[in-house]
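As a plain string of letters, each chain reads:
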Amino acid sequence: MSKQFRSGEKYAPSINEQLANNTTDIFRNGISSERFSDLMKDEKLQRPQNCDGLVTVQTDQVIWDILSPETKTVDNKMKTIQSVVVKTATAMVKVINKLDLMLEKKECTEQSNMLDDCMDSLALMGHANRLVCLMRRTLMKYDIIGEYGHLLNATVPYDKNLFGGDVVKTVDDIGKCSRISNKIRGRGGFNSGLRGGRRPWYFRISGRGTGHGSGIGRGRASRAGSDKTGE
């Protein structure tokens, strides 16, 4: 077959046919709302007590209060998606923990490979969770404007709260930095000395008759006047 008709996707060995069909059906059609509700409330999917990261991230109250109704609606939908990721990761963590306990009792290469595969899956779920958090921030950009747009930066950490839980302090720090920056720049920025203000020292003439431009003119005129007076 010609290369242009070949698929670029690489495949793993085929799995059980029924499992493959069920997987395709679930990924293309989802599950019923009743089944979804039951799974989300299932006690088996409660997070381990010491896994603080397995939570649906909440929007900080200070930010939530300023969001428009439309943004709140979208954020709630994104939180639902994030909850699914978290619940899936919770189930995976418990499987990993069971496999690890089995490996402690009996060394098995096959189980060890399964553990590695599960850890890879968990890593992807964790990254998906981060992408959802960053997207939720991005969707708030029209409600968080001006210098406080820095809150939307990916470098601002999140925990159980979307903006880290200490928004007031973060906003206060941003305000202080802004005031310092304004003092450094001056009212008109770099060119303020050229438009109605006092020129910076490096634009001024240092002495009469020894500088450039108008300073030279004044110096020559002064000497010329003295010569005429002395005649």
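Residues numbered from 1 in each chain as written. Predicted model: local features only at pLDDT ≥ 70, side-chain atom pairs only at ≥ 80, totals over all residues. Heavy atoms only, no water.

A. Spatial organisation of the overall build of the protein chain. Counting its regular elements, the protein chain contains 7 helices and 0 strands. Across the protein chain, helices and strands are ordered from the amino to the carboxyl terminus as α-α-α-α-α-α-α. Relative to its full complement of 231 residues, the protein chain shows a buried share of 22%. Taking all contacts inside the protein chain whose residues are at least 6 apart in sequence as the whole, residues at least 24 apart take part in 62%. (Helix = DSSP H or I, 4+ residues; strand = E, 2+ residues; numbered from the N terminus. Buried < 20%, exposed > 50% of the residue type's maximum accessible area, 1.4 Å probe, protein only. Contact = heavy atoms within 4.5 Å.)

B. Structural detail: the confidence of the model for the protein chain. Of all residues in the protein chain, 70% attain a pLDDT of 70 or more, and the chain-wide mean is 79. For the protein chain, helix α7 (residues 214–230) is the element with the lowest average pLDDT, namely 48, and helix α1 (residues 17–29) is the one with the highest, namely 96. Across residues 183–197, confidence stays below pLDDT 50; counting only partners more than four residues off in sequence or on other chains, it has 7 contacts. For residues 199–203, every residue scores under 50 in pLDDT, and the model assigns this stretch 6 contacts once sequence neighbours within four places are set aside. (pLDDT = per-residue confidence, 0-100.)

C. Representation of the nonpolar core in the model. Formed by Leu54, Val85, Val86, Ala89, Met92, Val93, Ile96, Leu99, Leu103, Leu115, Cys118 and Met125, the largest nonpolar core amounts to 12 residues. Contributions of two or more residues to this core are made by α4 (69–105) and α5 (109–138). With 8 residues, α4 is the largest single contributor of residues to this core. Not counting residues within four places of it along the chain, the set of residues in contact with Val86 comprises Leu54, Val55, Thr56 and Asn129. (Core = buried A, V, L, I, M, F, W, Y, C linked by side-chain atoms within 4.5 Å.)

D. Expanded view of the side chain of Asp60. In this fold, Asp60 is placed in the loop between α2 (33–41) and α3 (61–64). Buried within the structure, Asp60 lacks any salt-bridge partner; its nearest side chain of opposite charge belongs to Arg137, at an N-O separation of 7.1 Å. One polar contact links the side chain of Asp60 to the main-chain amide nitrogen of Leu162, over a distance of 3.2 Å. A polar contact of 2.7 Å, which involves the side chain of Asp60, links it to the backbone nitrogen of Phe163. Aside from chain neighbours lying at most four places away, what touches Asp60 is Asn161, Leu162, Phe163, Gly164, Gly165, Asp166 and Val167. (Lys, Arg positive; Asp, Glu negative; His and termini not counted. Salt bridge = Lys/Arg side-chain N within 4 Å of Asp/Glu carboxyl O. Polar contact = N/O pair within 3.5 Å; in protein donor to acceptor, adjacent residues only side chain to side chain.)

E. Representation of the packing of aromatic side chains within the structure. Tallying each qualifying case throughout the model produces 0 aromatic pairs. Lying over the aromatic face of Trp64, Lys79 brings its terminal NZ or CZ to 5.4 Å of the ring centre. (Phe/Tyr/Trp six-rings, centres within 6.5 Å; stacked < 30°, edge-to-face > 60°. Lys NZ or Arg CZ within 6 Å of the ring centre and 35° of its normal.)

F. Quick look at a nonpolar patch on the surface. On the surface, Ile26, Phe27, Ile31, Phe36 and Val84 cluster together into a nonpolar patch covering about 480 Å² of accessible area. Here Ile31 is to be found in the loop between α1 and α2. On the basis of relative accessible area, Ile31 is assigned to the partly exposed category, the value being 41%. (Patch = residues over 30% accessible without salt bridge, like charges linked within 9 Å, V, L, I, M, F, W, Y side chains within 5 Å. Areas by Shrake-Rupley, 256 points an atom, 1.4 Å probe, with all protein chains shown as cover.)

G. Representation of α1. Its 13 residues give α1 an end-to-end C-alpha distance of 18 Å, which sits within 8% of 18 Å, the value for a rise of 1.5 Å per residue. The opening residue of α1, the one whose side-chain oxygen lies 3.0 Å from the backbone nitrogen of Gln18, is Asn16. The positive-phi residue at the C-terminal boundary of α1 is Gly30, with phi of around 70°. (Expected span 1.5 Å × (residues − 1).)

H. Main features of the side chain of Thr59. Take Thr59: it is sitting in the loop between α2 and α3. On the basis of relative accessible area, Thr59 is assigned to the buried category, the value being 11%. Among the polar contacts listed, one links the side chain of Thr59 to the side chain of Arg136, at a separation of 3.0 Å. Other than its neighbours up to four places away in sequence, Thr59 contacts Trp64, Leu67, Asp75, Arg136, Met140 and Leu162.

I. Molecular detail of the pattern of salt bridges. According to the stated counting rule, one finds 2 salt bridges in the structure shown. Here Arg47 ties to Asp52 by a salt bridge, and the two come within 4.0 Å at their closest N and O atoms. Assessed through its relative accessible area of 61%, Asp52 is described here as exposed.

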